[in-house]
Amino acid sequence: IKKSFDYIPNCGTLQGYLESACYACPLTKGLEKVLKNKSWVWADGATGTNLFRLGLSAWDAPDLWNKTAHNKIKAHHRGSPDAGSDLFLTNSFVANRSALKLHGAEKYTTELTRVSAETGREIADGYNNIVIVAGCIGPTGELMEPMETFPTPSQSRYFMGKPRVLKRVVPI
């Protein structure tokens, strides 16, 4: 069975961009396939909690585990379909330059995003049923205007590359 790779934005400011660029379109296809046989979709949850249980420290960037603790990320991803989920998120929540800068890893943003997509797709492809892998787009770790100095126009540069990398890595 052909599985789908989809994108769910966690940031409302991206919704229009994603829809206009058709990055949200594949989600509909994957959901339609899952919903042919049932009236609901079961999704994963508590990614952070699960990674903490696997040993992630409070100040660690979970995205770095895509390279440094790859087997733990694979185990985490397997947990969702093993528990009956139809959909799980890539481990790319803070894979943006601003958030990774706090860990001196901003130059690895694209690589960590790519590896998160490849790992998710690898795990999903190991199941006989349709498993949707949704690209996770998380926060920058910065406060936006008017609260702080992270200007709204510049926030797009922290987000716009991620959907392109996710889509390029795992085509529909």
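Right, let's walk through the structure included here.

Turning our attention to the pattern of salt bridges. Any two side chains of opposite charge can pair if their charged atoms end up close together. Applying the stated criterion to the full structure yields 5 salt bridges. Salt-bridge contacts for K38 lead to D86; the nearest nitrogen and oxygen are separated by 2.7 Å. Note that K38 is positioned in the loop between α2 (25-35) and α3 (47-53) and D86 in the loop between α5 (70-82) and β2 (87-89), a separation of 48 residues in sequence. Owing to a relative accessible area of 26%, K38 belongs among the partly exposed residues under this scheme. E122 serves as the salt-bridge partner of K74, at 3.0 Å between the closest nitrogen and oxygen. Remark: E122 occurs in helix α7 (residues 109-124) and K74 occurs in helix α5; sequence separation between them is 48 residues. Exposure remark for E122: the relative accessible area of 43% places this residue in the partly exposed category.

With 6 of 6 residues buried, strand β3 (residues 132-137) is to be regarded as a mostly interior element. Covered by surrounding structure in β3 are I132, A134 and C136 together with V133, G135 and I137, the residues of both alternating faces.

With that settled, consider the side chain of S80. Note on placement: S80 falls in helix α5. In this structure S80 comes out as buried when scored by relative accessible area, which is 9%. In contact with S80, not counting residues within four places along its chain, are D44, S85 and F88.

Reading the values: the criteria
- Within each chain, residues carry numbers counting from 1 in the order of the written sequence.
- In keeping with the predicted nature of the model, local features appear solely for residues at pLDDT of at least 70, side-chain atom pairs appear and are counted solely at 80 or more, and the whole-chain, interface and lining totals rest on all residues.
- In computing side-chain values, all of the structure's heavy atoms are included and hydrogens and water are not.
- Think of a salt bridge as a Lys or Arg side-chain nitrogen and an Asp or Glu carboxyl oxygen that are within 4 Å of each other.
- A helix here means a DSSP run of H or I that spans at least four residues, while a strand means a run of E at least two residues long, and both kinds are numbered starting from the N terminus.
- Here's how the labels work: a residue is buried when its accessible area is under 20% of the maximum for its type, exposed when over 50%, partly exposed in between, all with a 1.4 Å probe on protein chains only.
- The contact rule is simple, with two residues in contact once any of their heavy atoms fall within 4.5 Å.

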